[in-house]
Each structure stands twice: as structure tokens, then as C-alpha cells.
Amino acid sequence: MSVIIRLQNLPWSANALDIRNYFRGLSIPEGGVHIVGGELGDAFIAFRGAITFTPSGISSQQGVRIDTA
């Protein structure tokens, strides 16, 4: 299963490696980071595998957790 999320308000200097480093430990396939930019600083990220989203963070079935709060 794939999950795609939208990030907003990224700085102009953000690149795919920055995003991959932030989500280190979660499976992002090759080509899974698409930075749109623009006024809202949008990017779309595709994750492979089971991902759980809560208001306080993101976690994977493998036990990787990223706090977002």
C-alpha cells in the first residue's frame, strides 16, 4: 500500500534530500518526493508500506516514529 502526503510551507531552499532525511527510517520509493514549490511551498511525498498518521506524529509498522507536534 502507498500513502501520499502533502507538505506545505517548505522553505525555498528545501530539496528532496532534506525531505528524505526528515523522514529517515520510513520507506520512500525512488521518485517518491515531488516538490512543487510555489507560493505555498508544496511537496508531495509517497510512502511505501503501512504508515499511521496522528496529530502528534507519523509511525511505521516497523516501529519508526517521527514527532510532528
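As recorded by an unreviewed UniProt entry, the protein chain carries the name (African queen) hypothetical protein and is attributed to Danaus chrysippus.

### Quick word on the sheet that holds strand β3 (residues 42-48)
A sheet is described by the order of its strands in space; here three strands give the open sequence β1-β3-β2, paired in antiparallel fashion. A single partner strand is all that each edge strand has here, and the edge strands are β1 (2-7) and β2 (33-37). Adjacent strand axes in the sheet meet at a mean angle of 15 degrees, parallel and antiparallel pairs treated alike. Bridge count for β1 against β3 is six bridges, and the pairing is antiparallel. By the bridge assignment, Val3 is partnered in β3 with Phe47.

Basis of the calculations
Residues numbered from 1 in each chain as written. Predicted model: local features only at pLDDT ≥ 70, side-chain atom pairs only at ≥ 80, totals over all residues. Heavy atoms only, no water. Pairing = 2+ DSSP bridges. Helix = DSSP H or I, 4+ residues; strand = E, 2+ residues; numbered from the N terminus. Axes fitted to C-alpha atoms, helices over the stretch in contact; angles between N-to-C directions.

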